[in-house]
Amino acid sequence: MPPVLKAHGLTAFYGDAQALFGIDFELDRGEVVAVIGANGAGKSTFLKCLVGLVRAQREHVWLDGEAIGGLHPGEIVRRGIALVPEGRRLFPSLSVEENLRMGAFAGRAGPWNLERLSKLFPILQQKRRSPATSLSGGQQQMVAIGRALMSNPSVLLCDELSLGLAPIVIKEIYDALPAICAEGMTVVVVEQDVVTAQRVSRRVYCFQEGRVSLHGRSGELTREQISRAYFGL
Amino acid sequence: MAVRLKRSTRASRVGLLAGLLLLAAAATLPAWAPEGAASSWMHQFVEVACYLIFAMMWNLLAGYGGMVSIGQQAFFGFGGYVMLVLGNLAGVNPFLAVPLGALAAAVFALPVSYLAFRLQGGYFAIGTWVIAEVVRLSFANLTVVGGGSGTSLTALRGIEKATRENATYGMALACVVASIALVYVFLRSKRGLALLAIRDNEVAAESQGIDVRGMKLAVYVVAAFGCGLAGALYFLGNLRISPDAAFSVNWTAFAIFMVVIGGIGRIEGPIVGVLVFWASSRFFSDYGTWYLLGLGLLAIVVTIFFKQGLWGWLQQRHGLSLFPTQRRLDPEEPHAQH
Amino acid sequence: MLEAVSQVIVQGLLLGGLYALFALGQSLMFGVMRLTNTAQGDFIVLSAFAAISLMAILPGPAIAGAWLPFLGLALLLPVAFGFGYLLQRVVLNGTLGRDPLPSLVVTFGLSIVIQNLLLQVYSADPRSIDTAGLNTRSVELPGGLAVGVLPAIVLALAVVATAGLQLLFERTRLGRAFRAVSDDREIAEIMGLDARKVYALATATAFLLIAVAGVLQAMRTTVAPSDGPLLLLFAFEAVIIGGMGSFWGTLVGALLLGVTQQVGFRIDPGWGIWAGHIAFLGVLVVRPQGLFPKTRG
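Residues numbered from 1 in each chain as written. Chains lettered and ligands numbered in written order. Predicted model: local features only at pLDDT ≥ 70, side-chain atom pairs only at ≥ 80, totals over all residues.

A separate point is the confidence of the model for chain B. Residue and element names in this part refer to chain B. Model confidence for chain B is summarised by a mean pLDDT of 82, while 89% of its residues fall at 70 or above. Low confidence marks residues 327-338, where pLDDT is under 50. Its contacts with residues over four positions away, or in another chain, come to 14 contacts. Under the prediction, the complex receives an ipTM of 0.89, its pTM being 0.88. (pLDDT = per-residue confidence, 0-100. Contact = placed C-beta atoms within 7 Å.)

Structure below.
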């Protein structure tokens, strides 16, 4: 089966500074793939390219056999890629429920709706009328994930879900991953926490200064290999 | 590889020479100008000088200080009125009263900034306009300076016309040179670099220990001084002042047009802009409303399509810079080694 | 004495209603896209003159009486909506960004263009809309207070408009889009929202209010091509006094401005507007965030 999402020689720039130097990346349907790397390695930039927030060349990103690089974010979400952004970035002027409803703005059909989300994360139902930013960090992360799921994507991109959260909360959030993947959702997880990344994913890509420095099955890579790739030694 | 700090470009050295020649020509104008034309030329120059100084100050404030103000006319008029009051009522020599008026405007900027700095961005701009309106209404209610219909500068009566015109012209020339020098020196100094840092990224500048608020106040006061100077000079030449003329928002409107067309944030921008403005007003001002309409459209088009102004666009295309305020790092040519 | 005071206050409130209509559009545009429209007042004057011209070609007041202007307004509304949409889409969208200068210069340029265009077409003479006496009719309330019918209609429209905007923002999908795009444009776009269209709809809505304000102003008093800047100042003062980010706050700010101006006017006719300026400066000193600011989470 061809990969659902593919990047081929992906380059990206912030103004004059180059952030990505030819990334090759493949994602099969139903997989959970982790992207690890130090700060500034280009992980977030990579996700932003996939979702259209950072300009990419048309032929560098492929979704279901269609070249989508550089398309407007609105067109990409309509084709089925959703992002849970780094730092949550909920809308402060909107309540929890309104934030979730915004996720459905693109109008894609699918299994995810408010009801199903409240089964996944009950807190979303309990606090649905509260201003979104009045929730705790972990709860906000659930809202952010829920908001992305509301667009019924086929590919879910998660940028640093564990950022600023306590270990027990991180575990709670990642425990929900199987339920999200139950219907064949494909997930990319960007993480600084290597142990968690290896645990939840089938394959791992390691980024280092804008390049893929290591790539393989999560279970097979040794700590030493990862360290070297992570730090570029 | 050694690196040398280069402060001037070839174009700037040429420009400096050209500027000095122009200055020499201008200073001796009364001597070589054709009979009958000298008076009108000098009068025009005084007017252009005021527009130029005002535009330069607006450019300093907006382009370098990051503060867009639609209320600089408050200081223009304030400087004018103080000059007139000192001349008419306090017996001060009006020519001396011009810099005094500028100083008064600078001092006035302190309480004004207290109010204005409570607003940001677009609302700061309109807020300064409101303050200017308050100042205008206040002066319109002062009967000692003629209230709403204004009054004349009587202190120069008794001086021969030619002498007065020459002296005013000389004063204008001095003011222009002083203003250009002031701005240029200010921006090339350490203060100036700090200002550029603030303009580029205020938060980062603050974290580097730069006193952002203090710098902004300094720029605001300097700009007020300049606008007050322009105002005092203008009414010295005009001999008659009124609240509507002194505090008209058109001063700021024209300054915006000049700076936008010439390019914001560059020293030479206002100079180019004022030349374009003056040339166009000579040819088209007979068309009144159409002329102003055209200016408005031009400003809109230039802002949207030529973000760096016409001069800035030229600069980018040909790499020219008359008043370099950047410091360029120039790698020294390594000596050939075998 | 009490009667005189209440009369002044009532008149101030009625005047404030008009100021609210001036200010709501500005509040909306600034709230959604941080755009300061320095041509706000001039667009109000433009719509007033458009209405005046429209009235000249509609069947005379003899047929529809005092309600003709409102018919004219109804015809003008879709035109204003479309105009605002195009203005934002074609001209103003390109000026948005971190730097406030481009939008300020462009709207200021528009202000100059509109004023001079109107001067060219209509000359400097003040004009107004024939209301067949509606603008002088008044009703006497219990207690001896006289309330003008037209000003009362204006105030009522202002309250309706404020409530309408509040509902639009809080209960509708478009309102959610407005709030989201103003919070975080990037993230709103990855939800599928087209910010350019949302901004254009915001401005289109603001222009509905501008049209209403223009027509009512021309019914209430005379308008001249150079009136724009003063109306802008009133709108702006109302927004600052009331507090940014809140439509009800803008309404209250406008009412307070109206009352302050009327009080000043009563003391001395030359002090009306001046008193409003002083009140604005006072609020700026004492409570710069305004009386009812909306705090962001």
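Its place among the elements puts A:E97 in helix α3 (residues 96-103). Given 19 C-beta atoms within a 10 Å radius, A:E97 is considered partly exposed. (Helix = DSSP H or I, 4+ residues; strand = E, 2+ residues; numbered from the N terminus. Buried ≥ 20, exposed ≤ 12 C-beta atoms within 10 Å, placed from the backbone.)

We now examine the sheet that holds strand β3 (residues 32-36) of chain A. Residue and element names in this part refer to chain A. Ordered by their spatial adjacency, six strands build an open sheet running β6-β7-β8-β3-β9-β10, and the pairing between neighbours is mixed. Among the strands making up the open sheet, the edge pair consists of β6 (81-84) and β10 (211-217). In this sheet, neighbouring strand axes are inclined to one another by 15 degrees on average, regardless of whether the strands run parallel or antiparallel. In the sheet, strand β9 (residues 203-208) pairs with β10 via six bridges, with the strands oriented antiparallel. By the bridge assignment for β10, C206 is matched with L214. Here helix α1 (residues 43-51) sits on the sheet and contacts β3, β6, β7 (155-159), β8 (186-191) and β9; the angle it forms with β7, its principal contact strand, is near 150 degrees. The sheet contacts of helix α6 (residues 137-149) involve β6 and β7, and relative to β6 the element is tilted by about 170 degrees. (Pairing = 2+ DSSP bridges. Axes fitted to C-alpha atoms, helices over the stretch in contact; angles between N-to-C directions.)

A few words on the pairing of β7(A). Residue and element names in this part refer to chain A. Most of β7 is tucked away, with five of its five residues classed as buried. The alternating pattern of β7 places V155, L157 and D159 and L156 and C158 on opposite faces, both of which are buried. Bridge count for β6 against β7 is four bridges, and the pairing is parallel. In the sheet register, L83 faces β7, and the bridge partner there is L157. When β7 meets β8, the two strands line up parallel, connected through five bridges. The residue bridging D159 from the neighbouring strand is V190, located in β8.

Okay, the interface of chain C and chain B next. Chain C puts 31 residues into the contact, and the matching count from chain B is 30 residues. Where the side of chain C that touches chain B is concerned, the elements lending two or more residues are α5 (101-122), α10 (228-242) and α12 (272-286) of chain C. Considering each element in turn, the side of chain C that touches chain B owes the most residues, 14 residues, to α5(C).

Looking now at the nonpolar core. Core analysis: the largest hydrophobic core is formed by 275 residues, its most contacted members being A:L157, B:I53, B:F54, B:L233, C:Y19 and C:L21. Counting the residues that make up this core, at least three belong to each of domain 1 (19-29 + 37-248) and domain 2 (249-325) of chain B. If near-sequence neighbours (up to four positions away) are discounted, B:L233 is found in contact with B:V46, B:A49, B:C50, B:V98, B:M171, B:A172 and B:C175. (Core = buried A, V, L, I, M, F, W, Y, C linked by C-beta atoms within 7 Å. Domains from an automatic or database assignment.)

In this complex, chain A contributes 23 residues to the contact, which on the side of chain C involves 15 residues. Of all the secondary-structure elements, those providing two or more residues to the side of chain A that touches chain C are α2 (73-79) and α3 of chain A. Looking at the side of chain A that touches chain C residue by residue, the classes come out as 13 nonpolar, six polar and four charged. (Nonpolar A, V, L, I, M, F, W, Y, C, P; charged D, E, K, R; others polar.)

As a further point, take unusual backbone geometry. For A:E209, which is not a glycine, the phi torsion comes out positive at approximately 50 degrees. Here A:E209 lies in the loop between β9 and β10. Taking the number of C-beta atoms within 10 Å as the measure of exposure, A:E209 has 14 and is therefore partly exposed. In this structure, C:S123 takes a positive phi of about 65 degrees despite not being glycine. By the secondary structure assignment, C:S123 is in the loop between α5 and β1 (138-140).

All names here are of chain A. Buried residues dominate β3, accounting for five of its five residues. Burial along β3 is two-sided: V32, A34 and I36 and V33 and V35, pointing in opposite directions, are all buried. Examined bridge by bridge, β3 and β9 share four bridges and lie parallel to one another. Across the sheet, the residue bridging to V33 is R203, located in β9.

What follows is about the arrangement of the chains. Across the two pairs of chains in contact, the largest number of contacts is found between chains B and C. No interface is formed between chain A and chain B, the nearest pair of C-alpha atoms being 15 Å apart.

Attention now goes to helix α6 (residues 121-140) of chain B. Its 20 residues give α6(B) an end-to-end C-alpha distance of 29 Å, which sits within 8% of 28 Å, the value for a rise of 1.5 Å per residue. Counting buried positions along α6(B) gives 16 out of 20 residues, so the element sits mostly inside the fold. (Expected span 1.5 Å × (residues − 1).)

Residues and elements named next belong to chain A. Read from one edge to the other, the open sheet built from four strands follows the order β2-β1-β4-β5, with strand pairing classed as antiparallel. Every interior strand has two partners, whereas the edge strands, β2 (17-27) and β5 (66-67), have only one. Pairing of strand β4 (residues 61-63) with β5, which is carried by two bridges, proceeds in the antiparallel orientation. For W62, the partnering residue across the bridge sits in β5 and is A67. Along the sheet face, α1 touches β1 (5-14), β2 and β4 and points at about 70 degrees away from the line of β2.

Residues and elements named next belong to chain B. Interaxial distance between helix α5 (residues 94-116) and helix α10 (residues 212-238) falls to 7 Å at its minimum, and their mutual angle equals 145 degrees. The crossing of α5 and α10 is right-handed. Class assignment of the residues belonging to the contact of α5 with α10 gives a composition of 22 nonpolar, four polar and no charged. (Left-handed = near helix turned anticlockwise from the far one by under 90°.)

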